[in-house]
Number of protein chains: 2
Amino acid sequence: MVVFRCEQALLDGPRGEYVLAGPVDITCDNGVITAIGPVDPSSTQVQVLDGLVTPSFADAHSHVFHRALRGRTHESADGPGDFWTWRDVMYSAAEKLDPEGLFALSQAAYAEMVCAGVTAVGEFHYLHHGPDGRRYTDPNAMGLALAEAAGAASLDLTLLDVAYLAGGIGSSGEPLALNRVQQRFGDGSIGAWADRVAAIPATIRTGVAIHSVRAVPAADMPTIVAAAGDRWLHVHLSEQPAENDATLAAYGLTPTQVLERAGAIGPRTAAVHATHLSAADIEILGTGGASIVMCPATEADLADGIGPARELATAGARISLGSDQHVVTDPIAQARGLEYGERLATGIRGRFTPNELWRAATVDSHRCIGSAGGRLAVGAPADLVALRTNSSRTAGSRSEQLIMSASAADVAVVVAKGRVVARDGVHLALGDPGELLGRALGELWKDANL
Amino acid sequence: MVVFRCEQALLDGPRGEYVLAGPVDITCDNGVITAIGPVDPSSTQVQVLDGLVTPSFADAHSHVFHRALRGRTHESADGPGDFWTWRDVMYSAAEKLDPEGLFALSQAAYAEMVCAGVTAVGEFHYLHHGPDGRRYTDPNAMGLALAEAAGAASLDLTLLDVAYLAGGIGSSGEPLALNRVQQRFGDGSIGAWADRVAAIPATIRTGVAIHSVRAVPAADMPTIVAAAGDRWLHVHLSEQPAENDATLAAYGLTPTQVLERAGAIGPRTAAVHATHLSAADIEILGTGGASIVMCPATEADLADGIGPARELATAGARISLGSDQHVVTDPIAQARGLEYGERLATGIRGRFTPNELWRAATVDSHRCIGSAGGRLAVGAPADLVALRTNSSRTAGSRSEQLIMSASAADVAVVVAKGRVVARDGVHLALGDPGELLGRALGELWKDANL
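In this text, all values refer to a predicted model and were calculated from it rather than measured experimentally.

Things to note about the sheet that holds strand β9 (residues 118–125) of chain A
Residue and element names in this part refer to chain A. Read across the open sheet, the eight strands follow the order β6-β9-β10-β11-β12-β13-β14-β15; overall the sheet is parallel. The sheet terminates laterally at β6 (57–62) and β15 (318–321), the two strands that pair on one side only. Adjacent strand axes in the sheet meet at a mean angle of 25 degrees, parallel and antiparallel pairs treated alike.

What follows is the structure, encoded as structure tokens:
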């Protein structure tokens, strides 16, 4: 048993909103919060947490190997880095990774996430097979490497296993063949995908994923929906206008409508990006009670655009957040990016309240990857984060509004399942994430002139 | 004399672009760079700078007292924080400040800036007078407080003294009276403004400023242009569509056209924001060789929108960067925000090269406030910044692209005029900026329930 004595904390309020309280004792036993109450001077095993204690963050959409792209896609030999520069570097990283390299890179990037206050991740995993699509001895070797890396970093992983069957939609609506690099992503048929997924050990928490309407023919979607069962189903949705155009040409429907017809939209669906939607799409996702994973840093980096997050929330969808390509590892910056995108797109301040932003970054991101975390309440996992309120970034801010002024650099202490796992940017079991990343990425790019 | 031994450095290239070199010795004497060359093992008085050494940053547009607003304007008693919430908090801060309070707050915020790698600031100063517009004994007391604070922080200040004569443009085009809080900003007449500005001690580097076309009638602008002489003239330009509407109604011209007619657009003009421009406006600013100060964090925070920075640069304007309301103190994040805004507005990556972003944040921001800094070249001021290349944020990035992945938290060492002034986020003369800010802002907001 341990008591975290919090100077201030964002507790669960009566209507699910967060309420600022403090000082307050949060008692944890066996990785679960067992009591929350006034400071009890007679308590033993007390750990003091200064600043503001919040529920831990979750990253609802991660392609962890994209961490290798950070700071390498903004320039090419020919000039500024365009979309094709980005894709070249991404494919180059994908080509180089084997289970060992993926383990090293993921362990480092997951340690970085934990130090930033993230205790759960939804890993949207599509890099399944070896070069040219050759199966590893265990065809789930890459997924197992991710699970092992997350375990080493004390990060709670949900392996969202991605079906990736086609290289795109052809001009007559036909599925295109996978290119050489994409061979590593594909299982060849939806049956082969389902068989492989069924062989993932039950010790790993899983969900399933349709890569996108581009990469999975509509006829194969019901198999994925059936395989999902009561697990979460994730899908990249309308990230770029080109996807909408190709889908409309092939099906006469928007991507959202294709998914709806396939039975793939519901309260355990998480639609990622949802950038270019029609009013009808918003209605479908809202009334379906879907979760939406906005990835503001990636959507800016890849020039996707600003999706209709506020409209989706108002229509009934739940907004959550993902890092996607790990262009930055900072859940607070992602939440702020959500609100800033809204402001830039509409000319109006305050599209989301700070409370809604906290919820998006915590409980609603945990929820859509099947994690019970993200709440400071009795019975919830004892996952919490202490933010510095006296740093150069945060001094003077109101505590409830720190989601608009703090950064991952303000994360002082991270507690996962009742244990302190990171302090002042250092992972207690693995050390300095910068050093781990330097080693893994130095190895990955050692021959690269990219 | 001191030799900074740099692992890597961004030196001035033959065509003004930055070129990555290293290891390299940068020799400084009397605050100026006197030599740049290969490592000389026989040198004495060597200071090693690990990571990437870049020219120091400049903040070309600061309202330093707005640092008091950070994390306090995103929520009100009635719900989310809208524009009026923001203005209420801003006016409330303005009302509370006297020269002593402004000194304390500015010293703390300037220390924060220096620790973030900023060695020069253009302070767009309009909070001139006491409550109800009462003159201080020295009517430049507030400006002198800013200069004193900057000096204490080793920050090179350009005091851009703002003319603020009207509360807006009325429905018949007439200048509106100043409201109660605005009385503190106004001098009553353009002559009174010019007289006060003429009395600023020559030891302070100055420029002049037209607050905006809303706050200065066109008939008064030529006086300001004449007062500028060979100094820089700054002006808030077309930040919101409402300014354009009122100006068109009053003058039949856009704000840019009003300034052009007044002779206020030229190669020593810096137009701040420039968000909502016509094609003709862009042409005027580009062919005039004006500088543009984009303030991406503020433009997102205030829901201004995304200005046509790339078009302005292509037309001939120089792009620089400002923090404006200090919503974040991070010149690297501002540069990244410039490029991300472009990507979101156009759907295209790589609108500015990393080299263009480095230049915007350094030499071109220095230039438009009359500072010679922002270049690693013989004869330039010895102002430089060492960025960590092995942090969790930066590990794996290419050095030339760190402007897209580093943050102010990666600023390891800051050198101003040849002396180390900050290290690892701590100001060597003033200490921890978080502590200074906590004290100044605690005092400012002690009775506030905002």
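Observations regarding the relation of the copies chain B and chain A
Superposing chain B onto chain A takes a rotation of 180 degrees plus a shift of 0.0 Å along the axis, which leaves an RMSD of 0.0 Å. Here the two chains are linked by the operation of a two-fold rotation axis. If distances are taken from each C-alpha of chain B to the rotation axis, the shortest is found for Ala 409 of chain B, at 3.6 Å. Both copies present the same face, since 100% of the interface residues in chain B are matched by interface residues at the equivalent positions in chain A.

Let's talk about the interface of chain B and chain A
On the chain A side, the residues contacting the 52 residues of chain B number 52 residues. Counting the surface lost from both chain B and chain A, the interface buries some 4300 Å², and carbon and sulfur atoms represent 53% of this. Together, His 74, Leu 344 and Arg 349 of chain B form the three largest contributors to the area buried by chain B at its contact with chain A, with a combined 18%. If you look at where chain B meets chain A, you find four salt bridges. One salt bridge in this structure joins Asp 301 of chain B and Arg 343 of chain A, with 3.4 Å as the shortest N-O distance. Our count for the chain B to chain A interface comes out at 34 residue pairs in polar contact (both at pLDDT 80 or more).

Here we look at the layout of surface pockets
Residues and elements named next belong to chain B. For the second largest pocket, the calculated volume is near 840 Å³. Contributing to the lining of the second largest pocket are 35 residues, with Phe 83, Trp 86, Arg 87, Arg 214 and Gln 240 lying nearest its centre. When residues of the lining of the second largest pocket are traced back to their parent elements, those giving at least two are α1 (83–96) and α6 (241–251). For the lining of the second largest pocket, the element with the highest residue contribution is α1, accounting for six residues. When grouped by side-chain class, the residues that make up the lining of the second largest pocket number 16 nonpolar, 12 polar and seven charged.

Quick word on the packing of aromatic side chains
Here the structure, examined in full by the defined rule, presents 14 aromatic pairs over all chains. Relative to Phe 185 of chain A, the ring of Tyr 164 of chain A lies with its centre 5.1 Å away and its plane at 70 degrees, an arrangement referred to as edge-to-face. Taken together, the residues span a long stretch of sequence, with Tyr 164 of chain A in the loop between β10 (156–163) and α4 (190–198) and Phe 185 of chain A in the loop between β10 and α4 at a distance of 21 residues. For Phe 185 of chain A, a relative accessible area of 1% corresponds to the buried category. Look at Phe 83 of chain B and Trp 84 of chain B: their rings are 5.1 Å apart centre to centre, the planes differ by 80 degrees, and that puts the pair in the edge-to-face class. Given the relative accessible area of 30%, Phe 83 of chain B is considered partly exposed. Clustering of aromatic rings is evident, with ring pairs tying together Phe 65, Tyr 91, Tyr 126, Tyr 164 and Phe 185 of chain A.

Points about helix α8 (residues 279–287) of chain A
All names here are of chain A. Regarding α8, the residues found buried are Asp 281, Ile 282, Ile 284, Leu 285 and Gly 286. Residues of α8 that are buried sit in contact with β12 (233–237), α7 (255–261), β13 (269–273), β14 (291–294) and α10 (309–315). Just downstream of α8, Gly 289 is the residue with a positive phi angle, here 70 degrees.

Observations concerning the pairing of β10 of chain A
Residue and element names in this part refer to chain A. With seven of eight residues buried, β10 is to be regarded as a mostly interior element. Where β9 lies against β10, six bridges are found, and the strand directions are parallel. When the bridges of β10 are listed, His 125 appears paired with Asp 161. Remark: the β9/helix α3 (residues 141–152)/β10 crossover connection has right-handed handedness. Relative to strand β11 (residues 205–210), β10 runs parallel, the two sharing six bridges.

Here we look at the domain arrangement of chain A
Residue and element names in this part refer to chain A. In terms of domain boundaries, chain A breaks down into domain 1 (2–55 + 377–434) and domain 2 (65–367). Using C-alpha coordinates to define each centre, domain 1 is positioned 29 Å away from domain 2. Buried area between domain 1 and domain 2, summed over both chains or domains, comes out near 2400 Å², and the portion from carbon and sulfur atoms is 68%. Among the residues domain 1 hides against domain 2, the three largest losses belong to Tyr 18, Ile 403 and Met 404. Together they make up 32% of the total. At the junction of domain 1 with domain 2, the criterion picks out one salt bridge. When the shortest N-O distance is used, the salt bridge between Lys 417 and Asp 156 registers 3.9 Å. For the pair domain 1 and domain 2, the interface holds eight residue pairs in polar contact (both at pLDDT 80 or more). Grouping the constituent residues of the side of domain 1 that touches domain 2 by class yields 21 nonpolar, eight polar and five charged.

A look at the sheet that holds strand β13 (residues 269–273) of chain B
Residue and element names in this part refer to chain B. The strand order β6-β9-β10-β11-β12-β13-β14-β15 describes an open sheet built from eight strands, whose pairing is parallel. With one partner strand each, in any of the chains shown, β6 (57–62) and β15 (318–321) form the two edges of the open sheet. Adjacent strand axes in the sheet meet at a mean angle of 25 degrees when their direction is disregarded. Across four bridges, the pairing between β6 and strand β9 (residues 118–125) is parallel. The residue bridging Asp 59 from the neighbouring strand is Val 121, located in β9. Set on the sheet, helix α2 (residues 99–115) makes contact with β6, β9 and β10 (156–163); between it and β9 the angle comes to about 140 degrees.

Rules used in this analysis
Residues numbered from 1 in each chain as written. Chains lettered and ligands numbered in written order. Predicted model: local features only at pLDDT ≥ 70, side-chain atom pairs only at ≥ 80, totals over all residues. Heavy atoms only, no water. Pairing = 2+ DSSP bridges. Helix = DSSP H or I, 4+ residues; strand = E, 2+ residues; numbered from the N terminus. Axes fitted to C-alpha atoms, helices over the stretch in contact; angles between N-to-C directions. Least-squares fit on C-alpha atoms with pLDDT ≥ 70 in both. Contact = heavy atoms within 4.5 Å. Buried area = accessible area lost by both parts, 1.4 Å probe. Salt bridge = Lys/Arg side-chain N within 4 Å of Asp/Glu carboxyl O. Polar contact = N/O pair within 3.5 Å; in protein donor to acceptor, adjacent residues only side chain to side chain. 1 Å grid on protein atoms, 1.4 Å probe; cavity = no way out; pocket = protein on both sides within 12 Å on 5 of 7 lines; lining within 4 Å. Points joined across faces, edges and corners; volume = space filled by probe spheres on them. Nonpolar A, V, L, I, M, F, W, Y, C, P; charged D, E, K, R; others polar. Phe/Tyr/Trp six-rings, centres within 6.5 Å; stacked < 30°, edge-to-face > 60°. Buried < 20%, exposed > 50% of the residue type's maximum accessible area, 1.4 Å probe, protein only. Right-handed = clockwise from strand over helix to strand, strands pointing away. Domains from an automatic or database assignment.

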